[in-house]
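Architecture at a glance
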Amino acid sequence: GENIDMAMVDYLDQIFLDGADMDDATRLYAAWCWRNPSFGRNGHIRLSRVSRALQGRKKVSPTTTRAPMPWIFAALIATQMVRDVDLVGGLALITMIPCYLRPGEAMRLKEADLVRPTPQRSFWAVNLHP
């Protein structure tokens, strides 16, 4: 395990020097642990240097956000969900994106949470915390 730990730390150093994001390093570690179950949290072999390298990098690297999913892809996924007889899931997905809802928030919405348009406001609204 120690040789793998050192090799992975060397690789992490290189990708960080090349400008890789923290997400790249985290995915690498997660993929390694998934492919080799004896490593990681539930395994009996620890990669302590890798863990410390990731913690240290996290402290100095700014967080980044992911680009949002393009609307057309969300619509295609929702359409497939409806075709696969998951009407509620498809509607929840279509509601989640423009309302910036988490899945649990979308699934808890009731008809009473929808606010009808008024003469002053020509659009529907969602009341998340009545």
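Residues numbered from 1 in each chain as written. Predicted model: local features only at pLDDT ≥ 70, side-chain atom pairs only at ≥ 80, totals over all residues. Heavy atoms only, no water.

This paragraph deals with the environment of F73. Position of F73 among the secondary structure elements: in helix α4 (residues 71-83). The spacing of F73 and L109 is 36 residues in sequence and 23 Å in space, taken between C-alpha atoms. (Helix = DSSP H or I, 4+ residues; strand = E, 2+ residues; numbered from the N terminus.)

Another point: helix α2 (residues 22-35). Compared with the 20 Å implied by 1.5 Å per residue over 14 residues, the 20 Å span of α2 between its first and last C-alpha is a close match. Among all positions of α2, only M22, A25, Y29 and C33 are buried. End-on, the buried residues of α2 take up no more than an arc of 70°, which puts them together on one face. Counted as exposed and oriented over 90 degrees from the buried face of α2: R27, W34 and R35. Contact partners of the buried residues in α2: α1 (2-17) and α3 (48-60). (Expected span 1.5 Å × (residues − 1). Buried < 20%, exposed > 50% of the residue type's maximum accessible area, 1.4 Å probe, protein only. Arc of directions from axis to C-beta. Contact = heavy atoms within 4.5 Å.)

To continue, consider the nonpolar core. Grouped together as the largest cluster of nonpolar side chains are 14 residues, with contacts concentrated most on L12, A25, Y29, L47, V50 and L54. The set of elements that each furnish at least two residues to this core consists of α1, α2 and α3. (Core = buried A, V, L, I, M, F, W, Y, C linked by side-chain atoms within 4.5 Å.)

Moving on, we get to the pattern of salt bridges. Side-chain pairing between opposite charges can occur once the charged atoms of the two side chains come close. All told, the structure shown has three salt bridges when counted by the stated rule. For R49, the salt bridge goes to E2, with nearest N and O atoms at 3.8 Å. With R49 in helix α3 and E2 in helix α1, the pair connects residues that are 47 residues apart, well separated along the chain. In this structure, R49 engages D5 in a salt bridge whose closest nitrogen and oxygen atoms are separated by 3.9 Å. In this pair, R49 is assigned in helix α3 and D5 in helix α1, connecting sequence segments 44 residues apart. Among the charged side chains, a salt-bridge network with shared partners connects E2, D5 and R49. (Salt bridge = Lys/Arg side-chain N within 4 Å of Asp/Glu carboxyl O.)

On to the confidence of the model for the protein chain. In the predicted model, the protein chain carries a mean pLDDT of 87, and 98% of its residues have values of at least 70. At the level of individual helices and strands, the protein chain shows its lowest average pLDDT in α3, which scores 84, and its highest in α4, which scores 95. (pLDDT = per-residue confidence, 0-100.)

Glancing now at the packing of aromatic side chains. Taken as a whole and judged by the stated rule, the model has one aromatic pair. A ring pair is formed by W32 and F39, whose centres lie 5.6 Å apart and whose planes are at 65°; its orientation type is edge-to-face. Lying over the aromatic face of F16, R57 brings its terminal NZ or CZ to 4.3 Å of the ring centre. The ring of F123 carries R121 above its face, with NZ or CZ at 5.6 Å from the centroid. (Phe/Tyr/Trp six-rings, centres within 6.5 Å; stacked < 30°, edge-to-face > 60°. Lys NZ or Arg CZ within 6 Å of the ring centre and 35° of its normal.)

Remark: α1 packs on α2, axes separated minimally by 10 Å, with the N-to-C direction vectors making an angle of 155°. Taken together, the axes of α1 and α2 are roughly antiparallel relative to one another. Remark: the crossing between α1 and α2 carries right-handed chirality. Side by side, α1 and α2 meet where I4, M8, Y11, L12, I15 and F16 of the first sit next to M22, A25, L28, Y29 and W32 of the second. Residues belonging to the contact of α1 with α2 are distributed by class as follows: 11 nonpolar, no polar and no charged. (Axes fitted to C-alpha atoms, helices over the stretch in contact; angles between N-to-C directions. Parallel < 35°, antiparallel > 145°, perpendicular 65-115°, else oblique. Left-handed = near helix turned anticlockwise from the far one by under 90°. Nonpolar A, V, L, I, M, F, W, Y, C, P; charged D, E, K, R; others polar.)

What follows is about the side chain of D113. The residue D113 is located in the loop between α6 (103-107) and β1 (114-115) in this model. No salt bridge forms around the buried D113; measuring N to O, its nearest opposite-charge neighbour K110 is 7.0 Å away. (Lys, Arg positive; Asp, Glu negative; His and termini not counted.)

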